[in-house]
Amino acid sequence: MLIIGERINSTRPRIQEAIKARNAPGILKEARSQLDAGAHYIDINCAVTSGDELQDMDWAISVVQSGIPDVNICIDSPNYLAIEKALKVYKAGGRVFINSITGEDQRIEKIVPLAVRGDTKLIALTMDETGMPNTAEERFRLAKRIVDKVERLGFNTENLYFDALIRPISTEPDQAREFLRSIPMIKALGRVKTICGLSNVSYGLPSRGTINAAFLAMAAQSGLDAAILDPTDRHMSSSIAASMALLGGDEYCAGYIRAFREAKLQ
Ligand code: THG
């Protein structure tokens, strides 16, 4: 499973402060600890700062790539201008995820050409101007419409990752089931892949790591290809290692045993 480390996100007060104060070592440390914990990509989100998102994004990406030249990044912004700027700034030898498009035509038309040019991976949220779907079938129908539009713009759908948007089970108890049901349906659309920002599922509940870890194992069984999460959280690293070993993706459980030796398991 592809792991995207979520910790460099301006919704976290600590990160918001570090961005504002231009605390480069603080940001770099967050990137390094997530890579050490097994992240393949580092998500960078500067949408919720008091400053200018474009400048903040430019700064944060420069900091991370100057310290880690081969870092892979995930540009996380609702603003296509910030995504465009981030792609210009990023000069490292790694790979890029754009996070994200939705079913909205304007966003697709602005962002997909940027992704085609750079051979980058693209996250598509199964939502549009009418809102977020409730059922697996609605998620599937939205994904199908997005695949058709994105293919028409020349994007290689092997690099398209659908995020079927998990919602808190504390207020909507059927949402984990509908999300999980949608994964194989969406994957049947072709070579497309699936991804999820896990932690929403447990919002409003105690011991969130317990729910997140169980949900990750279920999603892995359903075919989830990638996850946006905190890889330094041992609930998460344990669930990933156990799920990969159980699903046969970890020959002789070598990865699981290594995770244990590196004290990454609970
Ligand atoms: N899908 C996609 N992208 C996403 C999300 C998604 N990007 C943002 C988000 N969701 C994933 N990233 C984070 C980053 C940080 C936190 C949660 C998700 C986080 N949450 C704590 C909480 O929820 O309580 C805040 C606690 C803290 O201050 O540290 O940290 O779904 N495509």
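Notes on the structure follow. Since the structure is predicted, the reported quantities are computational estimates derived from the model, not experimental observations.

### Let's talk about the overall build of the protein chain
Step number 1: The helix and strand tally for the protein chain stands at 10 helices and 8 strands.
Step number 2: Across its three principal axes, the protein chain shows a C-alpha extent of roughly 45 × 40 × 35 Å.
Step number 3: When burial is assessed residue by residue, the protein chain has 49% of its 266 residues classed as buried.
Step number 4: Only carbon and sulfur atoms are counted for the fraction: they give 53% of the accessible area of the protein chain, which is about 12300 Å².

### Regarding the site of the ligand
Step number 1: With respect to spatial proximity, 13 residues lie near the ligand, and among them Arg-12, Asp-76, Asn-99, Asp-163 and Arg-208 are the closest.
Step number 2: Burial of the ligand by the surrounding chains reaches 66%, relative to a free accessible area of 650 Å².

### Regarding the pairing of strand 2 (residues 41-44)
Step number 1: Alternating residues of strand 2 divide into Tyr-41 and Asp-43 and Ile-42 and Ile-44, and every residue in both groups is buried.
Step number 2: Of the pairings in the sheet, the one linking strand 1 (residues 2-5) to strand 2 comprises 2 bridges and is parallel in character. Among the inter-strand pairings, Gly-5 is bridged to a residue of strand 2, identified as Ile-42.
Step number 3: Looking at chain direction, strand 2 and strand 3 (residues 73-76) are connected through 3 bridges and run parallel.

### Overview of the pattern of salt bridges
Step number 1: By the definition in use, this model includes 16 salt bridges.
Step number 2: The salt bridge involving Asp-128 is made with Arg-145; its shortest N-O contact spans 3.5 Å. Remark: Arg-145 occurs in helix 6 (residues 136-152) and Asp-128 occurs in the loop between strand 5 (121-125) and helix 6; sequence separation between them is 17 residues.
Step number 3: According to the relative accessible area criterion, Arg-145 is partly exposed, its value standing at 44%.
Step number 4: Residue Asp-225 is joined to Lys-187 by a salt bridge in which the shortest nitrogen-to-oxygen separation is 3.1 Å.

### Regarding the sheet that holds strand 4 (residues 96-101)
Step number 1: Reading around the barrel, the 8 strands line up as 1-2-3-4-5-6-7-8 and close back on themselves, with parallel pairing between neighbours. Neighbouring strand axes in the sheet, compared pairwise and without regard to direction, differ in orientation by 25° on average.

### Thoughts on unusual backbone geometry
Step number 1: Here the residue pair Asn-99 and Ser-100 is connected by a cis peptide bond, since its omega of 25° sits within 30 degrees of zero.
Step number 2: Inspection of the secondary structure puts Ser-100 in strand 4.
Step number 3: Non-glycine residue Arg-22 carries a positive phi angle of around 50°.
Step number 4: Summarising the element assignment, Arg-22 is placed in the loop between helix 1 (13-20) and helix 2 (24-36).
Step number 5: A positive phi angle, near 60°, is found at Ala-263, a position not held by glycine.
Step number 6: With respect to the helices and strands, Ala-263 occurs in the segment after helix 10 (254-261).
Step number 7: With relative accessibility at 49%, the residue Ala-263 sits in the partly exposed group.

### Quick look at the packing of helix 4 (residues 80-89) against helix 5 (residues 105-118)
Step number 1: Taken N-terminus to C-terminus, the directions of helix 4 and helix 5 make an angle of 5°; their axes are 10 Å apart at the nearest point. Viewed along their axes, helix 4 and helix 5 adopt a mutual orientation that is roughly parallel. Between helix 4 and helix 5, the contacting residues are Tyr-80, Ile-83, Glu-84 and Leu-87 on the first element and Arg-107, Lys-110, Ile-111 and Leu-114 on the second.

### Quick word on the side chain of Ser-237
Step number 1: Among the secondary structure elements, Ser-237 is positioned in helix 9 (residues 234-246).
Step number 2: With relative accessibility at 11%, the residue Ser-237 sits in the buried group.
Step number 3: Within polar-contact distance, the side chain of Ser-237 engages the backbone oxygen of Lys-264 at 2.9 Å.
Step number 4: In this view, Ser-237 contacts Pro-231, Lys-264 and Leu-265; residues no more than four positions away in its chain are not counted.

### Some details on the pairing of strand 5
Side-chain direction in a regular strand flips from residue to residue, so the side chains alternate between the two faces of the sheet.
Step number 1: When you tally the buried positions in strand 5, you get 5 out of 5 residues, the bulk of the element.
Step number 2: Judged from the 4 bridges that link them, strand 4 and strand 5 form a sheet pairing that is parallel. Looking at strand 5, one finds that Ile-98 is bridged to Leu-122.
Step number 3: Remark: the strand 4/helix 5/strand 5 crossover connection has right-handed handedness.

### Points about the packing of aromatic side chains
Centre-to-centre distance and the angle between the planes together describe a pair of aromatic rings.
Step number 1: Under the definition given, this model contains 3 aromatic pairs.
Step number 2: Between the aromatic rings of Tyr-41 and Phe-97, the centroid separation amounts to 4.9 Å while the plane-to-plane angle is 70°, which identifies the pairing as edge-to-face. Of this pair, Tyr-41 sits in strand 2 while Phe-97 is found in strand 4, placing the two residues 56 residues apart along the sequence. Phe-97 matches Tyr-41 in its accessibility class, with the two residues each being buried.
Step number 3: Centre to centre, the rings of Phe-97 and Tyr-161 are 4.9 Å apart; their planes meet at 75°, and the pair counts as edge-to-face. Residue Phe-97 is found in strand 4, and its partner Tyr-161 is found in strand 6 (residues 160-163); the two are separated by 64 residues along the sequence. This pair shows no difference in class: Phe-97 is buried, exactly as Tyr-161 is.
Step number 4: An aromatic cluster is defined as three or more aromatic residues linked by ring pairs; in this entry it consists of Tyr-41, Phe-97 and Tyr-161.

Reading guide: rules and limits
- Residues numbered from 1 in each chain as written.
- Predicted model: local features only at pLDDT ≥ 70, side-chain atom pairs only at ≥ 80, totals over all residues.
- Heavy atoms only, no water.
- Helix = DSSP H or I, 4+ residues; strand = E, 2+ residues; numbered from the N terminus.
- Buried < 20%, exposed > 50% of the residue type's maximum accessible area, 1.4 Å probe, protein only.
- Areas by Shrake-Rupley, 256 points an atom, 1.4 Å probe, with all protein chains shown as cover.
- Near = heavy atom within 4 Å.
- Pairing = 2+ DSSP bridges.
- Salt bridge = Lys/Arg side-chain N within 4 Å of Asp/Glu carboxyl O.
- Axes fitted to C-alpha atoms, helices over the stretch in contact; angles between N-to-C directions.
- Parallel < 35°, antiparallel > 145°, perpendicular 65-115°, else oblique.
- Contact = heavy atoms within 4.5 Å.
- Polar contact = N/O pair within 3.5 Å; in protein donor to acceptor, adjacent residues only side chain to side chain.
- Right-handed = clockwise from strand over helix to strand, strands pointing away.
- Phe/Tyr/Trp six-rings, centres within 6.5 Å; stacked < 30°, edge-to-face > 60°.

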